Amino acid sequence: MPDADPWLSARAAADYTGYHIVTVRRAIAAGDLTASRHGARGHYRMRRSAVDAWVAGDTPVQPGRRLHLVR
């Protein structure tokens, strides 16, 4: 039975969303896309549900990040 919420690499997340891989990596670095490092080389992996939330704009503010309000 396939995993309902598989892990994606940064490249797979870029292909899945249609965004450039640099955009995905910047979102990870900014804390907008929740990801973790896996493997000996520390490649980023994220759950597909996290990618879906990021694309939809439903990502919560990470602890330690300031929320910037635009008026």
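On a predicted model such as this, the values are computed, not experimentally measured, just so you know.

We now examine the sheet that holds strand E1 (residues 7-9). Backbone hydrogen bonds are what pair the strands of a sheet, in a parallel or an antiparallel way. One open sheet holds the 3 strands; their spatial order is E1-E3-E2, and the pairing between them is antiparallel. A strand with exactly one partner marks an edge of an open sheet, and here the two such strands are E1 and strand E2 (36-38). Neighbouring strand axes in the sheet, compared pairwise and without regard to direction, differ in orientation by 50 degrees on average. As paired strands, E2 and strand E3 (residues 43-47) are joined by 3 bridges and run antiparallel to one another. The residue bridging Arg37 from the neighbouring strand is Tyr44, located in E3. Along the sheet face, helix H1 (residues 10-17) touches E1 and E3 and points at about 95 degrees away from the line of E1. Across the face of the sheet, helix H3 (residues 48-56) comes into contact with E1 and E3 while running at roughly 80 degrees to E3.

Attention now moves to the pairing of E3. When E1 meets E3, the two strands line up antiparallel, connected through 3 bridges. The partner of Ser9 across the bridge, within E3, is Arg45. What sits between the antiparallel neighbours E2 and E3 is a turn of 4 residues, in which Gly39 has the positive phi angle 85 degrees.

To continue, consider the confidence of the model for the chain. Close inspection of predicted coordinates is inappropriate for parts of the model with low pLDDT. With 79% of its residues at a pLDDT of at least 70, the chain reaches an overall mean of 82. Every residue in residues 67-71 scores below 50 in pLDDT, and together they form 1 contact with partners more than four places removed in sequence or on other chains.

With that settled, the discussion passes to the nonpolar core. Formed by 13 residues in total, the largest nonpolar core has its most connected members in Ala13, Val24, Ile28, Leu33, Met46, Val51 and Trp54. Among the secondary structure elements, those contributing two or more residues to this core are H1, helix H2 (21-30) and H3. When residues of this core are assigned to their parent elements, the largest contribution, 4 residues, is made by H2. Other than its neighbours up to four places away in sequence, Leu33 contacts Val24, Ala27, Ile28, Met46, Ala50, Val51 and Trp54.

Cut-offs applied
- Residues numbered from 1 in each chain as written.
- Predicted model: local features only at pLDDT ≥ 70, side-chain atom pairs only at ≥ 80, totals over all residues.
- Heavy atoms only, no water.
- Pairing = 2+ DSSP bridges.
- Helix = DSSP H or I, 4+ residues; strand = E, 2+ residues; numbered from the N terminus.
- Axes fitted to C-alpha atoms, helices over the stretch in contact; angles between N-to-C directions.
- Contact = heavy atoms within 4.5 Å.
- pLDDT = per-residue confidence, 0-100.
- Core = buried A, V, L, I, M, F, W, Y, C linked by side-chain atoms within 4.5 Å.
- Buried < 20%, exposed > 50% of the residue type's maximum accessible area, 1.4 Å probe, protein only.

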